[in-house]
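Chains, contacts and geometry: an overview
So you can see what is in the structure, the chains are spelled out below.
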Amino acid sequence: MKAIAIAAGLGCTALSGAAFATPAAPPAPKAAPAPQAAAEGAGVSNTAPTSAAAPATAAPTSPLLAQDGAPATTIDPNVGLPIDGRIGLQPQVTKNGVFAHWMHNDVLLPVITAICVLVLLLLVWVVFRYRRAANPVPSKTSHNTLVEVLWTLGPVVVLVLIAIPSIGLLQAQFKPAPAGAVTLKAIGNQWYWTYQYPDHGGIEITANMLKEKDQVAPGERARTDADGPRLLAVDNRIVLPVGVPIRLITTSNDVIHSWAIPAFWMKLDAVPGRLNETSFTIDKPGLYFGQCSELCGARHAFMPIAVQAVPPAQFAAWVAAKGGQMPGSKAPSSSVIPQPGAEGSAVEAAQANAAEAVTGPADNMAVPAQSPTSAQGATGNPAGPGNAGQ
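Residues numbered from 1 in each chain as written. Predicted model: local features only at pLDDT ≥ 70, side-chain atom pairs only at ≥ 80, totals over all residues. Heavy atoms only, no water.

1. A short note on the overall build of the chain
Per the secondary structure count, the chain includes 5 helices and 10 strands. Sequence separation of 24 or more characterises 68% of the internal contacts of the chain that already satisfy a separation of 6 or more. With an accessible surface of roughly 23,000 Å², the chain has 65% of that area assigned to carbon and sulfur atoms. (Helix = DSSP H or I, 4+ residues; strand = E, 2+ residues; numbered from the N terminus. Contact = heavy atoms within 4.5 Å. Areas by Shrake-Rupley, 256 points an atom, 1.4 Å probe, with all protein chains shown as cover.)

This is the structure in C-alpha cells:
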C-alpha cells in the first residue's frame, strides 16, 4: 500500500507541473517561395513561378523584351509596317524584294506610263484629224500593212522586255532553300496562326492578335504602341535570324489562308492538306508586320503576322529560351514536315510501311491524334488560341 501511495503522488506532481508549464512556441512557418519578377508591365509575367532559390529576373528596360527570351527591339516607324498616306511599296529587306521594288518602279511604271500617254495622244490625234469638219469624205482603206506590223510587233517587244526580268524574279521567289536554312512552318487557323520550328527541337508558338484596351477581358493584356500598330500587333512574335536563308512552309487546318509580309515581298497561300514552300533571306534586323491575305471567314481581318528579325546569336539565345536546340552548322534543312490529311505524302507512306512491317497490311487505319497546339503564354492571355467568337 505504501508503494502504491508513493507512485500516485509522483504521478499527480508530474501532471500539475505539465499543466502550469509555459507552452513552447510553435516553429515559424517557412516563407513561401517568391515568384520571378514579371517580364512585362501590368503584372503580366512571361515566366512561371519558381522556387526561391532561382535568381530573380531583372526588370526589363523595354516592354518588347521577353517574348520568352527574345531581345528588345524598337519599332522603326518607316520600315516593316503600313504608313498612313504613303504611296508605293514598303521598303524591302530581302534581295527578291529589292529586285521586285526596282522592277516595279523602274520598269513597269515607266512602261505603263508610256503606253497610256501614247494611247491618249493617238486618241486625241484621231479625234481632231478625222473629225467631220476636217475629213468630210472618210477613207475606205481597210488594210494598212505597215500599221498592222507595227501594232503587232510593238506589244510583243514590250512584253518580251517585261518578261525577261519577271521570269527571273518568279524563279528566285520559289528557289529551294539551301542546306542550313531555318525551317519555319506557318499553319493557318480560324483565326490565328500557329508556328513550328522543326529543325530546332519542335518549338511551337501560337500567335493571336492583341486587342485594344476597351476590348480586352479581365486578365488579358491590351495592345500598346510598343507592340505594334492596331490590328497588326500579336501576343507572340515569331523570331527569325538575319542573313540566314529561311525555308517557309505553309499549310492550314481549316480553310485557305495566306501568309504575307509586304516588306519581305512574301505571300504564300496556306491550303488544307497541302504544303507550300518558298524561301527568303532577311537582310535587316527589325520588326515586320503582315496579315492573312486570303479571305478566310468572319475574322479574316484579325489574323496579323509579326516577325522579329535578329542577329543569329540572338536567335540562338531565343531558341534556347524556348527549350529548343540549334542544329549542326552543316546540317541540311530536310526535316520531315508531317501534313495531316495529305494522301500519298511521304510521311503517310512511311507510316503505312512501318505499320505493315509490324502488324501486316491493314485498311482504314486510324490516324493518331496530334497533340493540341499550345500557346506560349508570353502575355498571359487566358482566352485561348484565336479568341474565336470574340
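2. Re the environment of P285
Along the polypeptide, P285 turns up in the loop between strand 8 (276–281) and strand 9 (286–292). Residue class for P285 comes out partly exposed when judged on its relative accessible area of 45%. Among all residues touching P285, those that are not within four sequence positions of it are V242 and A309. (Buried < 20%, exposed > 50% of the residue type's maximum accessible area, 1.4 Å probe, protein only.)

3. Focus on the UniProt feature "transmembrane region" (unreviewed entry) in the chain
Cross-referencing UniProt, the feature "transmembrane region" (unreviewed entry) maps to residues 107–128 and 149–170 in the present numbering. With 100% helix and 0% strand, residues 149–170 has its two end C-alpha atoms placed 31 Å apart. (UniProt positions renumbered as here; feature names shortened; annotations may be inferred.)

4. Quick notes on unusual backbone geometry
Across the junction of Q190 and W191, the peptide omega takes the value 0 degrees, indicating a cis bond. Inspection of the secondary structure puts W191 in the loop between strand 1 (182–189) and strand 2 (192–197). If you check the backbone angles, L231 has positive phi at about 70 degrees while not being a glycine. With respect to the helices and strands, the residue L231 is situated in the loop between strand 3 (203–207) and strand 4 (238–241). Residue L231 is classed as partly exposed on the basis of its relative accessible area, which comes to 24%. Although it is not a glycine, W265 adopts a positive phi angle of roughly 55 degrees.

5. Brief notes about helix 3 (residues 145–173)
In an α-helix, one full turn covers 3.6 residues, which means residues spaced three or four apart are oriented alike. Between its terminal C-alpha atoms helix 3 stretches 42 Å, which fits the 42 Å expected from 29 residues at 1.5 Å a residue. Most pronounced at A163, the bend in helix 3 amounts to some 30 degrees, and the proline P165 follows within four residues. For helix 3, the elements touching its buried residues are helix 2 (95–129) and strand 8. Where helix 3 begins, one side-chain oxygen reaches toward the backbone nitrogen of L146, 3.2 Å away; that side chain belongs to N144. (Expected span 1.5 Å × (residues − 1). Bend = angle between axes of the 7 residues up to and from the residue. Polar contact = N/O pair within 3.5 Å; in protein donor to acceptor, adjacent residues only side chain to side chain.)

6. Focus: the sheet that holds strand 7 (residues 266–270)
An order of 4-10-9-6-7 is seen for the 5 strands of this open sheet, with the pairing classed as mixed. Only two strands of the sheet have a single partner each, and these edge strands are strand 4 and strand 7. Neighbour-to-neighbour, the strand axes of the sheet open up by a mean angle of 25 degrees, direction not taken into account. The pairing of strand 4 with strand 10 (residues 304–310) spans 4 bridges and is parallel. The residue bridging P241 from the neighbouring strand is V310, located in strand 10. (Pairing = 2+ DSSP bridges. Axes fitted to C-alpha atoms, helices over the stretch in contact; angles between N-to-C directions.)

7. Thoughts on the nonpolar core
Within the largest apolar cluster, 45 residues are counted, with the highest numbers of intra-cluster contacts made by Y195, Y197, W259, F264, I282, Y288 and V307. Counting residues per element, this core draws most heavily on strand 10, at 5 residues. Aside from chain neighbours lying at most four places away, what touches I282 is V93, T94, L240, P241, V242, G243, F264, Y288, V307 and A309. (Core = buried A, V, L, I, M, F, W, Y, C linked by side-chain atoms within 4.5 Å.)

8. Structural notes on the pattern of salt bridges
Under the defined criterion, the tally for this structure stands at 7 salt bridges. With its nearest N and O atoms 2.7 Å apart, the salt bridge here joins R223 to E212. With R223 in the loop between strand 3 and strand 4 and E212 in the loop between strand 3 and strand 4, this residue pair connects regions lying 11 residues apart in the sequence. The salt bridge partner of K267 is D269, with a shortest N-O separation of 3.7 Å. (Salt bridge = Lys/Arg side-chain N within 4 Å of Asp/Glu carboxyl O.)

9. Remarks on a nonpolar patch on the surface
Among the surface-exposed residues, L120, V124, V127 and F128 lie close enough to one another that they form a single nonpolar patch of about 390 Å² accessible area. Tracing the chain through its elements places L120 in helix 2. For L120, a relative accessible area of 53% gives the class exposed. (Patch = residues over 30% accessible without salt bridge, like charges linked within 9 Å, V, L, I, M, F, W, Y side chains within 5 Å.)

10. Points about the packing of aromatic side chains
Pairs of aromatic rings are described using the distance from one ring centre to the other and the angle between the two planes. Using the criterion set out here, one finds 7 aromatic pairs in the structure. Each ring, one from W125 and one from Y130, has its centre 5.5 Å from the other, and the planes form 85 degrees; the classification is edge-to-face. Ring geometry for F264 and Y288: centres 5.1 Å apart, planes at 55 degrees, overall tilted. Highlighted residues: F264 in the loop between strand 6 (257–261) and strand 7 and Y288 in strand 9, separated in sequence by 24 residues. Residue F264 is classed as buried on the basis of its relative accessible area of 1%. Ring-pair connections join several aromatic residues into one group, and the members of that group are Y197, F315 and W318. (Phe/Tyr/Trp six-rings, centres within 6.5 Å; stacked < 30°, edge-to-face > 60°.)

11. Description of helix 4 (residues 312–321)
Those residues of helix 4 not exposed but buried are F315, W318 and V319. Buried residues of helix 4, viewed axially, fall in a sector of 100 degrees; they line one side. When the buried face of helix 4 is taken as reference, the exposed residues oriented beyond 90 degrees from it are A313 and A320. In this structure, the buried side of helix 4 is in contact with strand 1, strand 2, strand 3, strand 4 and strand 10. (Arc of directions from axis to C-beta.)

12. Observations regarding the confidence of the model for the chain
Mean pLDDT over the chain stands at 74; residues scoring 70 or higher make up 65%. Here helix 1 (residues 2–20) is the element of the chain with the lowest mean pLDDT, 47, and strand 6 is the one with the highest, 95. The low-confidence segment residues 12–69 (pLDDT under 50) makes 70 contacts with residues lying over four places distant or belonging to another chain. Across residues 361–380 the pLDDT falls below 50, and counting only partners more than four positions away or on other chains, this stretch makes 32 contacts in the model. (pLDDT = per-residue confidence, 0-100.)

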